[in-house]
Each structure stands twice: as C-alpha cells, then as structure tokens.
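# Geometric and topological summary
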Amino acid sequence: MNFKRIRITEHAQEEASRRGIPLGWVVLVASEPEQILPVLHGREVRQSRLPFAPQGRIYLVRVIVEREERWDLVVTAYRTSKIQKYWAQP
C-alpha cells in the first residue's frame, strides 16, 4: 500500500504519551503496519504487535488514521493486550 507522509495530531501525541507508547512506534505502525482494517468515515486502523518493556510483553498497538489528500493524519493511538479480539484472521 502506498502511504503518504505521516502527521500526528496533538491529541494523538498526548494519548500516546499517556498510554506509554513511544511516538516512534506510532509512526512505525502508521507507516508500516502489520494489518490495516477499514472503519467508519474513511478512517482506518493500522495495527502491529510490539513488545513493551520491561518484561517484553507483546501488545497490539492500534493507530487510527484519517487519510487526507496531503498526508495520513494520526487521530489517536492505543495499545491492548486483547490481540485475539482485534487481530483479523485471514
């Protein structure tokens, strides 16, 4: 898939920080996701499984992206341990 430049809203930055997700990971998931799922109003969820310190436990990092003409706008980001619930099976 051809992604545009990534832009992160202030809200997404605040939520990622509050939830302990490094901004570099937000950019990584937004630009190179393991999966992309369409959602309402032209938005999509881009998600990847990533290890969180200190135990290295794997969480699903989900980034909500609004595709715009000039860039892909990250609206918010969060992590969940419920990988089975959100992971789309082929």
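All of the points below concern the structure found in this document. (Residues numbered from 1 in each chain as written. Predicted model: local features only at pLDDT ≥ 70, side-chain atom pairs only at ≥ 80, totals over all residues. Heavy atoms only, no water.)

### Quick look at the nonpolar core
For the record, the criterion: Put simply, buried Ala, Val, Leu, Ile, Met, Phe, Trp, Tyr and Cys residues joined by side-chain atoms within 4.5 Å make one nonpolar core. Note on exposure labels: buried denotes an accessible area under 20% of the residue type's maximum, exposed denotes more than 50%, and partly exposed covers the range between, all computed with a 1.4 Å probe on protein chains only. Here a helix means four or more residues in a row that DSSP labels H or I, a strand means two or more in a row labelled E, and each is numbered from the N terminus. The contact definition used throughout considers only heavy atoms, calling two residues in contact when any of these lie within 4.5 Å.
One finds Ile21, Val26, Val61, Val63 and Val74 to be the most contacted residues of the largest nonpolar core, which totals 15 residues. Where this core is concerned, the elements lending two or more residues are helix H1 (10–18), helix H2 (23–31), strand S3 (43–52), strand S4 (57–67) and strand S5 (71–80). Here the element with the most residues in this core is S4; it accounts for four residues. Leaving out residues up to four positions away in the same chain, valine 61 has contacts with Ile21, Val29, Arg46, Gln47, Ser48, Leu50, Phe52, Tyr78 and Arg79.

### Quick word on the sheet that holds S5
Rules: A pair of strands counts as paired when DSSP detects no fewer than two bridges linking them. Every axis in this analysis is a line fitted to C-alpha atoms, fitted for helices over the stretch in contact. Angles between the N-to-C directions lie between 0 and 180 degrees.
Across the sheet, five strands lie side by side as S1-S5-S4-S3-S2; this open sheet has mixed pairing. The open sheet has two edge strands with one neighbour each: strand S1 (5–8) and strand S2 (35–38). Shown here is a sheet whose adjacent strand axes are inclined to one another by a mean of 35°, direction ignored. Summarising the sheet, S2 and S3 pair through four bridges and their orientation is antiparallel. Across the sheet, residue isoleucine 36 finds its bridge partner in S3, namely arginine 46. Across the sheet, H2 touches S1, S3, S4 and S5, and the angle it forms with S3 is around 130°.

### Let's talk about the environment of glutamate 34
Its place among the elements puts glutamate 34 in the loop between H2 and S2. Accessibility expressed as a relative area gives 39% for glutamate 34, which makes it partly exposed. Here the alpha-carbon distance between glutamate 34 and arginine 49, two residues 15 residues apart in the chain, equals 7.7 Å. Leaving out residues up to four positions away in the same chain, glutamate 34 has contacts with Gln47, Ser48, Arg49 and Trp87.

Read these as layout, nothing more, since geometry by itself doesn't imply function.
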